[in-house]
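# Structural description and commentary
The residues making up each chain are set out below.
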There are 4 protein chains.
Amino acid sequence: MTTSAPAPHGPREIVELTGHVLDTGLFTLVLDDVRALGGDYEVVRFDVGKDAGDTSTVRLAVSAPDARTLDSVVMRLHTHGANLVEVEPARLVPVERDGVFPADFYATTNLPTSVRVGESWVDVENPEMDCGIAVTLDEDGGVRSVRTVPVSDVRAGTSLVCGAAGVRVTLPEARGSEGGFTFMQSEVSSEKPQALVVHQVAEQMRAVKEAGQKVLWVLGPAVVHTGAAPSLAALVRGGWVDVMFGGNAIATHDVEQSMYGTSLGVDLSAGSGVEHGHEHHLRAINAVRGAGSLAAAVEQGVVTSGIMHALVTGGKQFVLVGSVRDDGPLPDVHTDVIEGQRAMRGALADVGFCIVVATMLHGVATGNVLPGHIPLVCVDINPATVTKLADRGSAQARGVVTDVGLFCAALARELTGSET
Amino acid sequence: MTTSAPAPHGPREIVELTGHVLDTGLFTLVLDDVRALGGDYEVVRFDVGKDAGDTSTVRLAVSAPDARTLDSVVMRLHTHGANLVEVEPARLVPVERDGVFPADFYATTNLPTSVRVGESWVDVENPEMDCGIAVTLDEDGGVRSVRTVPVSDVRAGTSLVCGAAGVRVTLPEARGSEGGFTFMQSEVSSEKPQALVVHQVAEQMRAVKEAGQKVLWVLGPAVVHTGAAPSLAALVRGGWVDVMFGGNAIATHDVEQSMYGTSLGVDLSAGSGVEHGHEHHLRAINAVRGAGSLAAAVEQGVVTSGIMHALVTGGKQFVLVGSVRDDGPLPDVHTDVIEGQRAMRGALADVGFCIVVATMLHGVATGNVLPGHIPLVCVDINPATVTKLADRGSAQARGVVTDVGLFCAALARELTGSET
Amino acid sequence: MTTSAPAPHGPREIVELTGHVLDTGLFTLVLDDVRALGGDYEVVRFDVGKDAGDTSTVRLAVSAPDARTLDSVVMRLHTHGANLVEVEPARLVPVERDGVFPADFYATTNLPTSVRVGESWVDVENPEMDCGIAVTLDEDGGVRSVRTVPVSDVRAGTSLVCGAAGVRVTLPEARGSEGGFTFMQSEVSSEKPQALVVHQVAEQMRAVKEAGQKVLWVLGPAVVHTGAAPSLAALVRGGWVDVMFGGNAIATHDVEQSMYGTSLGVDLSAGSGVEHGHEHHLRAINAVRGAGSLAAAVEQGVVTSGIMHALVTGGKQFVLVGSVRDDGPLPDVHTDVIEGQRAMRGALADVGFCIVVATMLHGVATGNVLPGHIPLVCVDINPATVTKLADRGSAQARGVVTDVGLFCAALARELTGSET
Amino acid sequence: MTTSAPAPHGPREIVELTGHVLDTGLFTLVLDDVRALGGDYEVVRFDVGKDAGDTSTVRLAVSAPDARTLDSVVMRLHTHGANLVEVEPARLVPVERDGVFPADFYATTNLPTSVRVGESWVDVENPEMDCGIAVTLDEDGGVRSVRTVPVSDVRAGTSLVCGAAGVRVTLPEARGSEGGFTFMQSEVSSEKPQALVVHQVAEQMRAVKEAGQKVLWVLGPAVVHTGAAPSLAALVRGGWVDVMFGGNAIATHDVEQSMYGTSLGVDLSAGSGVEHGHEHHLRAINAVRGAGSLAAAVEQGVVTSGIMHALVTGGKQFVLVGSVRDDGPLPDVHTDVIEGQRAMRGALADVGFCIVVATMLHGVATGNVLPGHIPLVCVDINPATVTKLADRGSAQARGVVTDVGLFCAALARELTGSET
């Protein structure tokens, strides 16, 4: 341990952390972060649970050379569920210009968060990481809403929470003790009994649906290349896909396969052919542009099978957001990425489980807007994709390194009985 | 070989291929493609060069079950530089609706292309793959322009080339015989003497600059994470970076490092710390938003070092295009990806060499708009990134699998003498 | 093309290549290799097939600065099935010292090879790459045997073929036109419809068994880690595994799982636990050492399930060869790797198909000793493993990048109907 | 947390853990392991350090359903430096048969270990993981030696430690607080400022040499393929390589490059050529076999440059151990892997730092025999190699994901000033 020199005269706050702080490694993370940001700590109280399963409570006196650093340390500790002991109201500062936060804005985690307004704690309605917190008061001073707001959407005059005082964060119970989902907690690895993983994901989906919640799928184009489109379509028809996020590529390749039997020129039924035939995807895009939308293309019989067809005919919600490498794009694709993020946020209501398959870009984008208590599973043949998603702050992410095609087929077989 | 049954009564065209068709494997690709698309062929003439270095000329009679398939085959052969022998004028069809091509539009390659209008061949001004070809005539029937147009930009009334007749493609001489750059032709591999590769890339850049052309760099955020930002800034100052393409992340992390000495929370000078400190990047974005632009942030002293600082102070051109996972974004970032593509196209004039470092997304996007005769080198530690870029049709792409930080440092040392 | 200067006075030979030389890219490889080794060529005759499916015949005059280089070029062309036109008897040189070849020994390919002895061509009994060719004559000058011999096994006095004259190589018909197995010819990629690949591998195995040949499996330890051991055991019991090659690790982890339900400490039924519990594998090894052998351990009831149990009880052949990282090892493991290679060679009789799962080390070792006409499929989640195997000269290798656990389960389901 | 049901009547032991148990995450690992192996715990005492930098002391009562499980738990806790509080002499059991341990043998960690013999603690002379501990007594009952012994080397009659009682393990101070080497502690990643890593490794080597210790290099063949051989040779000549471990491939490719300028057929000075020319490596092997040894080949002028030449002429120690995929092999290669392990063990005296470059096989093998307090750095372009090495129990391993060629060149430049 690199011991920082004491900072005896610097500002100091007491934070408290309660829960399974020892056996989950949380306490280690907390201490690491205090020092990494230039702070120091002293253990004030330590009530450790006697038995396996008991919770512990730790109080730390956290100090730093200056108030700004201390603020930064305390905000960071929020990501681990450690909160200030002293209760003060949040400091609210009006935004001066559209799209710009006050300099010392409170930067959100994606965890359940409350803000102290006056004498009471008010829950943030829509936890999302890397946002500010806007507090709207009634004319009579009551709280109308406390919501996260991305910097691009903030408007002049909004009251924004600044500093770390008056903000409290709750670590979801699930973190570190997820019962039936424990297997997924271990490290990213391709060396695991994947049949068991399929079963666990299926169980999780069943539980979410039984609880009346929605399942969100985030799909990359390799879903089509690996032959998983029929499995996905079966899952859509079986009711296991409530919302789908993706880009222009997944929808285009899916439509291309429906129209030409190819995906980027690979004939998927025979398996032969190398990757060319690129103009097919452009003709598919052009045909849907001619129809006006994916829904119109389905209605007009231009698209008669595949994932998008199943989503359209099943009345499921989908949000497609473009990227700079897109051809076309399809008429349903948001070409403005900030508009696209808004559309994704608008589709998160009641989502209880999220599965990301074969896409880093849209997976990270989803992780950015998803509340931290919603479990997220990332399936990819490339371990780096899974690791990146977790590194970006989506601590609830669990990774499955496996073959996307075989995984989706096995999942469809387990959930719908379909042999695709 | 899976021999297709003969299609004796189907339509048939004669195509010709001239050049180093044997020793470069081109002929094999041509035959593969004819069959992969459902066509058949007969060798009509085969003049093979006697000595190593001689060119060969091949004529094939290509047939297909129907005219549409034959068109598709002939368009594909264009990607290999094989052209129809018979000279007919191109068929021009007016576009009916904004943003939609006629159904049988000619889909472009990124190779030098000519269109037969009336009695003469007219060069396409701006070769770009996956576009249509718009022909504009003067009032007196003369050709005003022949240009590629992406589907999203096409307007009703435009005359578009349809079918494969009247279109001729030239394979760049460089393909298959690039002289000093031959090493880069071999397969993607990390097992190569990388010092030699650095030297070859440097030589290529010197040659391009001596020819009065521009060097385009496409940068991903790992450039900053791997500590290469000082090397890149030295290359900018040394005049080796004329145009830069990137996304919100590379610019943000570069600015964050300038402001806080961190990149996504990693302290780059000490090297310590794990990847957190995320709010730093949000504060960096917010600060530049407050300034109004990167240029204003440099002017106001908010940003005092790094790649973006070097680009701004050196008056270099940069195009930043956003993606759905972005926070913020920085005010200079195009949030509409189609607008972003237009801005990238607008910055390609006089570019003679393109180097893509540590980004798949913007690398593929650049490959999409870059003419096929401009050499493109892709540097990444992940072999998959390089492979994907080449697979997308950027046949001129050469891959270097290496450490981005050490590579940029070595290149900067060779080109500028700087020890960063 | 980098044209070598002509070498007018150097030695020169005429070689001929017949077959699908154009559409398979073989001709390009041949020309590349001539130049890469410092030779030059002139096309002497070129009879190209008119239709798709016709074979072509090419004659090249190959020259080089000196006889040694020319020998080297001609030996290389053998790997592509190109042979000298002029028929001379092979030059036989007696080996002077055990374990050392004469300096200009003929280095073998793994293709069907004949040697000209006296007036007749005699087939090499056991084609294997990177060996010498030993010719044994009867007392009356007749040929008793023509066999490959590895350098470590050669004995003083043996007559060895030197130089390239009098050696002829036949390219297997299968190369480039494998009928039902065509899909596997395309590039290594994880982006393929894997269900189709499973089906194709199953078909190939059925064909091999129907032809009365054996199926050889080469297994790495990840077979156990990914939960595929029950699938493999089912395949053994179903008669789909005739010979198994592997190392100490696969057998140890399999036995460990049988004895403790763990593999390197991972509880495979619950899926929980990180990778420790290492001493379990040591106790498993110790128990089998105590029994004396795997067969004895099965007989004594120490090992009651798993792959090794199925192999022992089914009377199947297995060859385990150790490596420097081994613990123990198990008593059945060859600790001398050259002895191990001999044991592997001794188990190749009647093998008609080879599948390598999750091991680079033993996969390459098998590729080294396997005749080139026996199809080899390599299954791994890591594309690099597959690529390396093919790069080592096992041109018959086909790669499947997929999840080993799900792949084996799907194959067992298709071949045996078992749901493991 | 999955709380095990209490095991009130099961056996129970008190263990103690002292050190930086909280901020290093050790305590979490300990609790995880107790439960993963089927045990339960109760916190008996917890003295937490007040300030950052203070050590903590924890006492746990560990229980399990049966004595065997409890033994297993206690042995596991040894890997984290947790020891039994109660002091009992070790139980010594005579080995009955050569090469077989008693069933309940104590399985070693690679940490500094002491054994209680009679009334005193005796240090194990040569800590090595996955061994047994042999105690040899004098005729008068004094302790002559306490040494680890691999199962293959144990002889009947040897007194072996059984059970976990009377064994104590010390966690090296360095673990978790390595001062100047802290950067290397963070996760495996290619996204790090590699120039800094080079500097840190160089500093570490300087410190080790100044302390009079040896530097051990473990090299894979990619060292030659990436053009790093001249850098390595410069490092050998500069005195930075005291001992070298490797296989047949690295030595062969190095010799091949010296004799032919190629490595597996790749011309390394021009960089051109694809990977063929395989017979060159066989001729190189044959030539050294003809000379009799690498030293003889150097003396006879057969090998005149490269890594092996530098090692031989500098009188440095090297241990080459073969593998099943080897051609040849070179006469210096141990073909028996167990003999090879013995030779590696014999070369470890005074080694104070180990660097593994581009080899998983020999890296893991070295990790197996290396005491746990010797720092080990693993350099590879493939993150999986580094991860695997750490997973195998070499907890002291630090990973550098980078380009091997550029890394070695940069290290040679820093340490020797050579520009290779």
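Being a predicted model, the structure only gives us computed values, none of them experimental. (Residues numbered from 1 in each chain as written. Chains lettered and ligands numbered in written order. Predicted model: local features only at pLDDT ≥ 70, side-chain atom pairs only at ≥ 80, totals over all residues. Heavy atoms only, no water.)

What follows covers the packing of aromatic side chains. According to the stated counting rule, one finds 10 aromatic pairs over all chains in the structure shown. Relative to F46 of chain D, the ring of F27 of chain D has its centre 5.4 Å away and its plane inclined at 85 degrees; by these criteria the two rings are edge-to-face. Of this pair, F27 of chain D sits in helix 1 (residues 26-36) while F46 of chain D sits in strand 2 (residues 40-47), and the two are 19 residues apart along the sequence. Take F46 of chain D: its relative accessible area is 16%, and that puts it in the buried class. Each ring, one from F101 of chain D and one from F105 of chain D, has its centre 4.7 Å from the other, and the planes form 40 degrees; the classification is tilted. Assigned by exposure class, F101 of chain D and F105 of chain D land together as buried. Grouped by ring-pair contacts, the aromatic residues F27 and F46 of chain A together with F27 and F46 of chain D constitute a single cluster. Seen from the ring of W121 of chain B, R168 of chain B lies directly overhead, with NZ or CZ sitting 4.1 Å from the centre. (Phe/Tyr/Trp six-rings, centres within 6.5 Å; stacked < 30°, edge-to-face > 60°. Helix = DSSP H or I, 4+ residues; strand = E, 2+ residues; numbered from the N terminus. Buried < 20%, exposed > 50% of the residue type's maximum accessible area, 1.4 Å probe, protein only. Lys NZ or Arg CZ within 6 Å of the ring centre and 35° of its normal.)

Right, let's talk about the sheet that holds strand 10 (residues 159-162) of chain C for a bit. Residues and elements named next belong to chain C. One open sheet holds the four strands; their spatial order is 5-10-8-9, and the pairing between them is antiparallel. Single-partner strands in this sheet number two, and they are strand 5 (91-94) and strand 9 (143-149). Neighbour to neighbour, the strand axes of the sheet diverge by 35 degrees on average, direction disregarded. Here four bridges tie strand 5 to strand 10, and the two strands are oriented antiparallel to one another. Within strand 10, the position partnered with L92 by the bridge is V161. (Pairing = 2+ DSSP bridges. Axes fitted to C-alpha atoms, helices over the stretch in contact; angles between N-to-C directions.)

With that settled, consider the relation of the copies chain A and chain B. Expressed as a screw transformation, the operator carrying chain A onto chain B has a rotation angle of 180 degrees and an axial translation of 0.0 Å, and the superposed copies differ by an RMSD of 0.1 Å. What the rotation and shift describe, once combined, is the action of a two-fold rotation axis. Measuring from the rotation axis to each C-alpha of chain A, the shortest distance belongs to D336 of chain A, at 1.9 Å. Taken together, the interface assignments show that 98% of the residues at the interface of chain A recur at the interface of chain B, consistent with an identical surface on both copies. (Least-squares fit on C-alpha atoms with pLDDT ≥ 70 in both. Contact = heavy atoms within 4.5 Å.)

The next thing to look at is the packing of helix 1 (residues 26-36) of chain A against helix 2 (residues 67-78) of chain A. Residue and element names in this part refer to chain A. Between helix 1 and helix 2, whose axes approach to 9 Å, the crossing angle comes to 160 degrees. Put simply, helix 1 runs roughly antiparallel to helix 2. Both helix 1 and helix 2 take part in a crossing whose hand is right-handed. In this structure, helix 1 contributes V30, D33 and V34 to the contact, and helix 2 contributes V73, R76 and L77. (Parallel < 35°, antiparallel > 145°, perpendicular 65-115°, else oblique. Left-handed = near helix turned anticlockwise from the far one by under 90°.)

With that settled, consider the side chain of T109 of chain D. Residue and element names in this part refer to chain D. If you trace the backbone, T109 turns up in the loop between strand 5 (91-94) and strand 6 (113-117). The class for T109 is buried, based on a relative accessible area of 7%. A distance of 3.1 Å separates a polar side-chain atom of T109 from the backbone nitrogen of L111. When sequence neighbours within four positions are dropped, the list of residues in contact with T109 reads H78, T79, E128, M129 and V169. (Polar contact = N/O pair within 3.5 Å; in protein donor to acceptor, adjacent residues only side chain to side chain.)

Where interface size is given, it is often the accessible area lost as the parts come together that is meant. In this complex, chain A contributes 55 residues to the contact, which on the side of chain B involves 54 residues. Surface buried jointly by chain A and chain B totals about 5,000 Å² across both partners, of which 53% is contributed by carbon and sulfur atoms. Contact with chain B buries surface across chain A, with R283, V324 and R325 of chain A losing the most and accounting together for 15% of the total. If you look at where chain A meets chain B, you find zero salt bridges. (Buried area = accessible area lost by both parts, 1.4 Å probe. Salt bridge = Lys/Arg side-chain N within 4 Å of Asp/Glu carboxyl O.)

Along helix 11 (residues 361-369) of chain B, nine of the nine residues are buried, which leaves the element largely enclosed by surrounding structure. Of all the positions in helix 11 of chain B, only L361, H362, G363, V364, A365, T366, G367, N368 and V369 of chain B are classed as buried.

Before going further, it helps to spend a moment on the environment of A90 of chain A. Residues and elements named next belong to chain A. Its location among the elements puts A90 in the loop between strand 4 (83-84) and strand 5 (91-94). Along the chain, A90 and Y106 lie 16 residues apart, while their C-alpha atoms are 9.9 Å from each other. In this structure, A90 is in contact with V115, R116, V161, A165 and G166, ignoring residues within four places of it in sequence.

A separate point is the pattern of salt bridges. Per the counting criterion, the structure on display carries 62 salt bridges over all chains. Across the pair D242 of chain A and K209 of chain A runs a salt bridge whose closest N-O atoms are separated by 2.8 Å. Separated by 33 residues along the polypeptide, D242 of chain A in the loop between helix 5 (229-237) and strand 13 (243-246) and K209 of chain A in helix 3 (residues 194-210) bring together distant segments of the chain. A residue is classified by how much of its surface remains accessible, and D242 of chain A, at 14% relative accessible area, is buried. K209 of chain A sits in the partly exposed class, given a relative accessible area of 27%. Among the ionic pairs, D153 of chain B bridges to R342 of chain B, the shortest N-O distance being 2.3 Å. Here the residue D153 of chain B occupies a position in the loop between strand 9 (143-149) and strand 10 (159-162), and R342 of chain B occupies one in helix 10 (residues 337-346), the gap between them amounting to 189 residues. Several salt bridges share partner residues, and in doing so they unite D138, E139 and R144 of chain A into one network.

A few words now on the pairing of strand 18 (residues 376-380) of chain A. Residue and element names in this part refer to chain A. Here strand 18 lies mainly inside the structure; five of its five residues are buried. Residues of strand 18 alternate between two faces, with L376, C378 and D380 on one and V377 and V379 on the opposite face, all of them buried. In the sheet, strand 17 (residues 351-357) pairs with strand 18 via four bridges, with the strands oriented parallel. Note that in strand 18 the partner of V356 across the bridge is C378. Here strand 18 pairs with strand 19 (residues 397-401) via five bridges, running parallel. The residue bridging L376 from the neighbouring strand is A397, located in strand 19.

All right, on to the sheet that holds strand 13 (residues 243-246) of chain D then. Residue and element names in this part refer to chain D. Taken in spatial order, the six strands line up as 16-13-12-17-18-19 in an open sheet, and their pairing is parallel. Looking at strand neighbours, the two that pair on one side only are strand 16 (317-320) and strand 19 (397-401), the edges of this open sheet. Mean inter-strand twist for the sheet, computed between neighbouring axes without regard to direction, equals 15 degrees. In this structure, strand 12 (residues 214-219) lies alongside strand 13, joined through three bridges in parallel fashion. Pairing of L216 across the sheet is with V243, part of strand 13.

Let us now look at the side chain of S63 of chain D. Residues and elements named next belong to chain D. Positionally, S63 belongs in strand 3 (residues 56-63). The class for S63 is buried, based on a relative accessible area of 13%. Not counting residues within four places of it along the chain, the set of residues in contact with S63 comprises P11, R12, G39, D40 and L70.

Residues and elements named next belong to chain A. One can read the domain layout of chain A as domain 1 (1-85), domain 2 (87-171) and domain 3 (175-416). Listed per partner, the contact involves 10 residues of domain 2 and 15 residues of domain 3. Between domain 2 and domain 3, the buried area comes to about 950 Å², and carbon and sulfur atoms account for 46% of it. Broken down residue by residue, the surface that domain 2 buries against domain 3 is led by N110, E128 and M129, which jointly contribute 49%. Class assignment of the residues belonging to the side of domain 2 that touches domain 3 gives a composition of six nonpolar, two polar and two charged. (Domains from an automatic or database assignment. Nonpolar A, V, L, I, M, F, W, Y, C, P; charged D, E, K, R; others polar.)

Pairing geometry for strand 1 (residues 12-19) of chain A and strand 3 (residues 56-63) of chain A, over eight bridges, is antiparallel. Paired with R12 of chain A across the two strands is S63 of chain A, which belongs to strand 3 of chain A.

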